[in-house]
Amino acid sequence: MSSRLVALGVLVVLAVSACGQGAAGQAPVPSTRIVVTGGTSGVLVPPAALDPCALLSPQDRSTAGINVLGVAKEINGARACDWTVPATFGVTITVDERNGLKDLEVARKTATKTKVGGRDALKVADANAADGTCAVLLGMGEKASVQIDVSNTNFTDTPLACERAVTVAGLAEPKLP
């Protein structure tokens, strides 16, 4: 067996054994076991453990027309992930652990109440501005939310930006707590 395979095996064992443990001196992040229709089970993570870049799998990205990897970043103290498809559009998903839908300051004239996967949501776009931007905000309980922002590179075609934002929201929503 090559030394590369042995090293890879050691890394896999270390990664698996560290699963669910916090950083040194910290308690592990709590999770809740849920039962999904059909008898399969999964782990539902609290918003604090939610990685915005993990909300879109490679298959999800393909479905949404995103052919690049996400880049982790921080926006106003919230974790975010940014995907920029050159010369086409960009998507940013932000996890806000402090503000539910009711807490967010959104201009009501540009917001439309909607549902995504049975979850309360707001679609925010200014059709009069026709600036090629749209956002879908998903509620995660009373005090947390996820925001999906889409901007078309040419800053035109707001309906297309909203179509993209709704698609991404639909792909990310099943992974939310």
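Our structure is the block above this text.
Every chain is numbered on its own, with residues counted from 1 as its sequence reads. Where totals are concerned, whole chains, interfaces and linings use all residues; where local detail is concerned, this predicted model gives features only for residues with pLDDT of at least 70, and gives and counts side-chain atom pairs only at 80 or more. Hydrogens and water are ignored here; the side-chain numbers use all heavy atoms of the structure.

Visitor: Any details on the overall build of the protein? Residues and values, ideally.
Guide: Secondary structure summary: the protein contains three helices and nine strands in total. Put simply, DSSP marks the helices as runs of H or I at least four residues long and the strands as runs of E at least two long, and each gets a number from the N terminus on. Start at the N end of the protein and walk to the C end: the helices and strands fall as α-β-β-α-β-β-β-β-β-β-β-α. When a residue's accessible area, from a 1.4 Å probe over protein chains only, is under 20% of the maximum for its type it is buried; when over 50% it is exposed; and in between it is partly exposed. By residue count, 33% of the 177 residues in the protein fall in the buried class. The contacts of the protein with a sequence gap of at least 6 include a subset with a gap of at least 24, amounting to 48%. Areas reported here follow the Shrake-Rupley algorithm with a probe of radius 1.4 Å; residue values treat only the protein chains shown as occluding. Carbon together with sulfur atoms contributes 57% to the accessible area of the protein, which is approximately 10,600 Å² in total. Pairs of residues are marked as contacts when any of their non-hydrogen atoms sit within 4.5 Å.

Visitor: A description of the pattern of salt bridges should follow, citing residues and the corresponding values.
Guide: It is possible for side chains bearing opposite charge to pair when their charged atoms get close. Should a side-chain nitrogen of Lys or Arg be within 4 Å of a carboxyl oxygen of Asp or Glu, the pair is scored as a salt bridge. Here the structure, examined in full by the defined rule, presents five salt bridges. With a closest N to O distance of 2.3 Å, E97 and R79 form a salt bridge. Taken as a pair, E97 in the loop between β5 (89-96) and β6 (111-116) and R79 in strand β4 (residues 78-85) lie far apart in primary sequence, 18 residues in all. We classify E97 as partly exposed; its relative accessible area is 36%. Owing to a relative accessible area of 28%, R79 belongs among the partly exposed residues under this scheme.

Visitor: Before we move on, could you go through the pairing of strand β3 (residues 71-75) and cite the residues and values that matter?
Guide: Taken residue by residue, a regular strand's side chains alternate between the two faces of the sheet. Across the five residues that make up β3, only a small minority, zero, are buried. Two strands pair if DSSP finds at least two bridges between them. Sheet analysis places β3 next to β4, joined by five bridges and oriented antiparallel. Looking at the pairing, K73 lines up with A80 of β4. Connecting β3 to the next strand, β4, in antiparallel fashion are two residues, including N76 with a positive phi near 50°.

Visitor: Could you give an account of the state of the cysteines, with specific residues and numbers?
Guide: When two cysteine sulfur atoms lie within 2.5 Å, the pair is treated as a disulfide. Using the criterion set out here, one finds two disulfides in the structure. Note on cysteine connectivity: C53 is disulfide-linked to C81, with sulfurs 2.0 Å apart. Taking the sign of the S-S torsion, 100° for the link of C53 and C81, the bridge is right-handed. Linking C53 in the loop between β2 (41-44) and α2 (58-63) with C81 in strand β4, this pair joins segments that are 28 residues apart in sequence. Paired by a disulfide, C134 and C162 hold their sulfur atoms 2.2 Å apart. Linking C134 and C162, the disulfide has an S-S dihedral of approximately 95° and is accordingly described as right-handed. Of the two residues, C134 sits in strand β8 (residues 133-139) while C162 sits in helix α3 (residues 158-172), which places them 28 residues apart along the sequence. Of the residues examined, C134 reaches a relative accessible area of 4% and is grouped as buried. Under the relative-accessibility criterion, C162 is labelled buried at 9%. In the protein, the cysteines engaged in disulfides, taken in order along the sequence, are linked 1-2, 3-4.

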